[in-house]
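Here is what each chain is made of, one letter per residue.
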Amino acid sequence: MSNQTLALLILLFPAAGAILLAGRGWRLPRIFTVIVGPGVVWASFVATLALLLAKASGDFTYWTWIKSGTFEVPFNLLIDNLSIFMCLVITGVGGLIVTYSVGYMEHEDDPSYARFFCYMDVFIFSMLLLVLAGNFVFLIVGWAMVGLSSYLLIGFWYQRHSAVVAARKAFVMNVIGDVGMILGTFVLFMTYQQATFQGVFGRLNGCPRGVGQLCLLPFTSGDTFNLELVGFLFLVGAVAKSAQLPLHTWLPDAMEGPTPVSALIHAATMVTAGVYLVGRMHPIFDVATYAHNAVAIIGAITALFAATIAIVQVDIKRVLAYSTMSQIGYMFLAVGIGAYTAGFFHLLSHAFFKALLFMAAGNVIHAMHDEQDMRKYGGLWNQMRPTAITFLVGSLSLVGVIPFVGFFSKEQILGLAFSKPDDNMVHVLWGVGFATALITGFYTGRMWWLSFWGKPSPQRPVEHPHAPRLVMMVPVAILAILATVGGFIQTTAIGIGPSTVTDFLASAVGSQRWEGGGAEIAVTFLTMILAAGLFAWALYSRPWSAYAPWAQRLLERKYYFDEIYDWAFARPTDWVAGFALRDIERPVIDAAVVDTGLLARAGAGGLSLTQSGYFRNYVLVFVGGAVVAAVILIVRANS
Amino acid sequence: MSTLNIGGSQLDASWFLLLSAILFVLGAVGVLVRRNPLVILISIELMLNAANLVLVAFSRQLVNIEGQLFALMSMTVAAAEAVVGLAILVDIFRTRDAEDIDDLSEMHG
Amino acid sequence: MAIAVFFVAAALAVLGGIGVVAFHQPIRSVLSLVVVMLSLSVIFLLLNAQFVFAVQIIVYAGAVMVLFLFVIALLGPARELGRGRLRFQGWLSALFVLVLLGLMWGLLQGVQYRQPDKGDLSFFGTVQSIGVGLFTTYLYPFELTSILLLVAAIGAIYLSRKRIDDV
């Protein structure tokens, strides 16, 4: 079958799964859901592998959706190495997570069970659409649908008030990003009259209407202003979707969703959509230097910011959430300085170890009867040995210890930042990244030691936790293996060895244009040693909050971002809405409608007085009418 | 010339119209003022007769038989209408006194 | 001489009309109407409408008025008592009809009547001419009128039947 068909099949499998499970799934036995739910994701994975092996590439158009004058939006899929790479991550890691959730969600009743997998398939479909789309409109469609799936899945247990609130918060912030994306597309269309990627990138370096003529606003040279604007607008979208500063507050709350949801959406795939966006739009960002720098700055700051908050979290999933925020900051830093392939490599490795961490944590939570407070764990190393081992693998990967994959990807980013020539700002950002790596070591160690070492906490809900089922253990094990050996596909961090990812993606995003030297490798190892040291020290560290209680409070309150947003945005909006309801809606609009009815009634009441019921009245009116008619006739005849 | 040859003498056609007008108005007054339903029906007959008179007068004026034919039709219709009206009247007033048509005022708004 | 006949008949008709409206007892109203009809039939005769004259007496005065008399007999005599409930009815009625009368009189002023197409009076108004008209040109209205009478008859029978059950 042709590559064109295969590409479409990648999208159609999860869509079919979602439709089947939405329509009939809950009335059929559970085995049906178990087969269809993960099955379609694996089918897409196979299709993606087929495309990979066939070295497919091309822009496949299936039909033209909108054609109106110069505005033409086809339904086309752009297959190049970047999209195949993203599809592999989404379907591969996604497939493992969906399979895992067959076991995790087993306590749900049949309709909810089918609903979960339906939503998961919707999510996989939308994410695939996002990365495969060949034009901006469908990119936005996928973007928005991913936000929708996130809403549906965070609020999956909708009977819980906190879950519903968190889902709404996530959706609202995502919509802010959507607006940025849409505005950016508008600007691009106004400048280039093209809606497809090939069309826009092809025309990028010359405004077709001529310099100085209407390309949005008057400017002096090229399209740079427009592209900067587009870059910043797309940055808004990326920041919202990837939970970077300042649109990050939804991610920790999103942990209200089931753990597989956190693993899939808020670790491995959806939150990486921002990174994909910057990578896909690299022709624009290569020109729009301010926006490009902004990407890196936001990434680095978020990385540090999130890492500091992670230190004080007690909920195991929240630690991982802030850790995700921090690691995506690294990815933003990488693509922001031009090292696109390094950023995507870290995306891949982060998908491995973060999904692994979430799922292993899920095993623990499942065994602890949904208890997520780490202070109530303790001593699980002896009682849940396989899970503990996998969790350790993930943790070491996160910290960046050789030979795990996290080392190779994170240190490569830091090394490239350190060694980028002639760019002092990037060196400052390297410093930020370095500090973050050390703090990462600390909080990861704290998380590990609290949960798995020492004696069981007296507040443990379960004395003897059961081992996880096979269907929950196997995906975790697979990811642990991938996290262990996966690093060896790209070992440029240590200066020698293959660079598979860079080579693979070079055709799509270009490779970074500088090479590190020995200093870079030395710094890399130094970072690793210090971070690992902090990991170990976390076992013995005393509570530091005794020295600086204000810092503890600041971090626990997440730097008061939620409170600031509440005062700045939520309350004024509430006030305006209340005002509109009291003073506009009710008196004016409702009154207009109600008063029309009352008017009709009053009129009818008045008119009904003529219906007196007396025959002679009616006859009198007849005669009166005849008289009037006669008068009119005569007057007209005489005039 | 508007005079008609009536049995050898000449008479203006307007006199017939005047007579008809007076009779019609009398009938109208009867319908409006009287409260006995029977008298109301009778007044309606009076009005119809007045109309017949005009028809026949002008039939003679224009020497066109259609006027008289129309008058015959009118008489037929008047007869039918009187029959049905009286039947209704009989039905209504079988059980109550046929005094005042103002008693029949239940259909008011 | 004929003009005198006309004026006498006209005066009788007007008196009868006033009688219809003025008498309190319905039987007297009916009889006044009979007077009106007879006067009108005389006037019809003056107008060369022999057939209509005969039909007026036979059908109108003879059948319809008799029907009215029977109904009066059935319902019993009734007198209108006192003043009605509608206070302004009388005044307003008087106003309207006077205006109407005035208008009708005003319409008559300066009217020029059209002259007849043919002035042949020997055949006009005879039974034969009526018959010719009814059965050739106006056959359709004639037949419809007969159906109308059928409908009226059925309606009258139905409406005035004795109800056994409560309706």
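Basis of the calculations
- Residues numbered from 1 in each chain as written.
- Chains lettered and ligands numbered in written order.
- Predicted model: local features only at pLDDT ≥ 70, side-chain atom pairs only at ≥ 80, totals over all residues.
- Heavy atoms only, no water.
- Helix = DSSP H or I, 4+ residues; strand = E, 2+ residues; numbered from the N terminus.
- Buried < 20%, exposed > 50% of the residue type's maximum accessible area, 1.4 Å probe, protein only.
- Contact = heavy atoms within 4.5 Å.
- Areas by Shrake-Rupley, 256 points an atom, 1.4 Å probe, with all protein chains shown as cover.
- Pairing = 2+ DSSP bridges.
- Buried area = accessible area lost by both parts, 1.4 Å probe.
- Salt bridge = Lys/Arg side-chain N within 4 Å of Asp/Glu carboxyl O.
- Expected span 1.5 Å × (residues − 1).
- pLDDT = per-residue confidence, 0-100.
- Axes fitted to C-alpha atoms, helices over the stretch in contact; angles between N-to-C directions.
- Parallel < 35°, antiparallel > 145°, perpendicular 65-115°, else oblique.
- Polar contact = N/O pair within 3.5 Å; in protein donor to acceptor, adjacent residues only side chain to side chain.
- Core = buried A, V, L, I, M, F, W, Y, C linked by side-chain atoms within 4.5 Å.
- Patch = residues over 30% accessible without salt bridge, like charges linked within 9 Å, V, L, I, M, F, W, Y side chains within 5 Å.
- Phe/Tyr/Trp six-rings, centres within 6.5 Å; stacked < 30°, edge-to-face > 60°.
- Lys NZ or Arg CZ within 6 Å of the ring centre and 35° of its normal.

Further remarks concern the overall build of chain A. Of the regular secondary structure elements, chain A holds 25 helices and two strands. Buried residues in chain A amount to 56% of all 639 residues. Taking the contacts inside chain A whose residues are at least 6 apart along the sequence as the reference set, 79% of them involve residues at least 24 apart. Taken as a whole, chain A presents about 25700 Å² of accessible surface, with 69% of it coming from carbon and sulfur.

A regular strand places its side chains on the two faces of the sheet in alternate fashion. Residues and elements named next belong to chain A. As paired strands, strand E1 (residues 58–68) and strand E2 (residues 71–79) are joined by nine bridges and run antiparallel to one another. Along E2, the bridge assignment pairs Asp 59 with Leu 78. As consecutive antiparallel partners, E1 and E2 are separated by two residues, and within that stretch Gly 69 has a phi angle of approximately 65°, a positive value.

Reports of interface size often rely on the accessible area that becomes lost once the parts have come together. Counting residues at the interface gives 13 residues for chain B, matched by eleven residues for chain A. Between chain B and chain A lies a buried interface of about 970 Å² when both sides are counted; carbon and sulfur atoms form 64% of it. Run the count over chain B and chain A and you get zero salt bridges. Broken down by element, the residue count for the side of chain B that touches chain A peaks at three residues, all from helix H1 (residues 14–33) of chain B.

Residue and element names in this part refer to chain A. Inspection of the entire model under this criterion finds eight salt bridges over all chains. With its nearest N and O atoms 3.0 Å apart, the salt bridge here joins Lys 169 to Asp 562. Here the residue Lys 169 occupies a position in helix H6 (residues 161–192), and Asp 562 occupies one in helix H24 (residues 561–607), the gap between them amounting to 393 residues. For Lys 376, the salt bridge identified is with Glu 371, shortest N-O distance 3.9 Å. A relative accessible area of 25% means that Lys 376 is categorised as partly exposed. For Glu 371, a relative accessible area of 19% corresponds to the buried category.

Residues and elements named next belong to chain B. End to end, helix H2 (residues 37–62) covers 38 Å across 26 residues, agreeing with the expected 38 Å (1.5 Å per residue, within 8%). Of all 26 residues in H2, 19 are buried, a share of seventy percent or more. Of the residues flanking the end of H2, it is Val 63, one or two places downstream, whose phi is positive at about 50°.

Let us look at the confidence of the model for chain A. In this model, chain A carries a mean pLDDT of 83, and residues with pLDDT of at least 70 account for 91%. Predicted confidence is poor over residues 206–220 of chain A, with pLDDT under 50, and the contacts of this stretch with residues over four places away or in other chains come to 22 contacts.

Moving on, we get to the confidence of the model for chain B. Note that predicted coordinates carrying low pLDDT should not be read in detail. All names here are of chain B. When the pLDDT values of chain B are averaged, the result is 85; 91% of them are 70 or greater. By mean pLDDT, the top-scoring element of chain B is H2 (92), and the lowest-scoring one is strand E1 (residues 3–6) (69). The ipTM for the predicted assembly is 0.88, set against a pTM of 0.68.

Let us now look at the packing of H1(B) against helix H1 (residues 2–22) of chain C. Orientation of H1(B) relative to H1(C), taken along the N-to-C sense of each, is 10°, at an axis distance of 8 Å. On the basis of their axis angle, the class for H1(B) and H1(C) is roughly parallel. Here Trp15(B), Phe16(B), Leu19(B), Ile22(B), Leu23(B), Leu26(B), Val29(B) and Gly30(B) of H1(B) come into contact with H1(C), specifically with Phe6(C), Phe7(C), Ala10(C), Ala13(C), Val14(C), Gly17(C), Ile18(C) and Val21(C).

Right, let's talk about the interface of chain B and chain C for a bit. Between chain B and chain C, the residue contacts involve 76 residues of the former and 84 residues of the latter. Summed over the shared surface of chain B and chain C, the result is zero salt bridges. The interface formed by chain B and chain C holds seven residue pairs in polar contact (both at pLDDT 80 or more) in total. If you list the elements that add at least two residues to the side of chain B that touches chain C, you get E1, strand E2 (9–12), H1, H2 and helix H3 (66–93) of chain B.

Moving on, we come to the nonpolar core. Generally speaking, nonpolar side chains in soluble globular proteins are found buried as a group. One finds Phe123(A), Val131(A), Leu139(A), Leu188(A), Trp250(A), Met281(A) and Phe391(A) to be the most contacted residues of the largest nonpolar core, which totals 202 residues. Looking at this core element by element, the count peaks at 19 residues for helix H15 (residues 340–367) of chain A. In contact with Met281(A), other than residues within four places in its own chain, are Phe136(A), Leu139(A), Phe197(A), Phe201(A) and Phe234(A). In this structure, Ala57(B), Leu46(C), Val64(C) and Leu134(C) belong to the second largest nonpolar core, which totals 62 residues.

A separate point is a nonpolar patch on the surface. Residue and element names in this part refer to chain A. Together, Leu 148, Tyr 151, Phe 171, Val 175, Val 179, Ile 182, Leu 183 and Phe 186 line one region of the surface with nonpolar side chains, adding up to about 630 Å² of accessible area. Per element, the largest residue contribution to the nonpolar patch is six residues, and it comes from H6. As for its position among the elements, Val 175 is in helix H6.

The next point concerns the side chain of Asn49(B). When you line up the elements, Asn49(B) lands in helix H2. The exposure class assigned to Asn49(B) is buried, which follows from its relative accessible area of 0%. The residues contacting Asn49(B), other than those within four sequence positions of it, are Met37(C), Leu40(C), Gln56(C) and Tyr60(C).

Residue and element names in this part refer to chain A. In this structure the tally under the stated criterion is 32 aromatic pairs over all chains. Each ring, one from Phe 391 and one from Phe 452, has its centre 4.9 Å from the other, and the planes form 40°; the classification is tilted. Of this pair, Phe 391 sits in helix H17 (residues 385–399) while Phe 452 sits in helix H19 (residues 424–452), and the two are 61 residues apart along the sequence. Of the two residues examined, Phe 391 and Phe 452, each falls in the buried class. Sitting over the ring of Trp 567, Arg 571 keeps its end group 4.2 Å from the ring centre.

To continue, consider the packing of H3(B) against helix H5 (residues 127–137) of chain C. Contact geometry for H3(B) and H5(C): axes closest at 10 Å, N-to-C directions at 70°. Here H3(B) is positioned roughly perpendicular relative to H5(C), judged by the angle of their axes. The segment H3(B) lies against H5(C), with Gln68(B), Leu69(B), Leu72(B) and Met73(B) engaging Ile130(C), Gly133(C) and Leu134(C).

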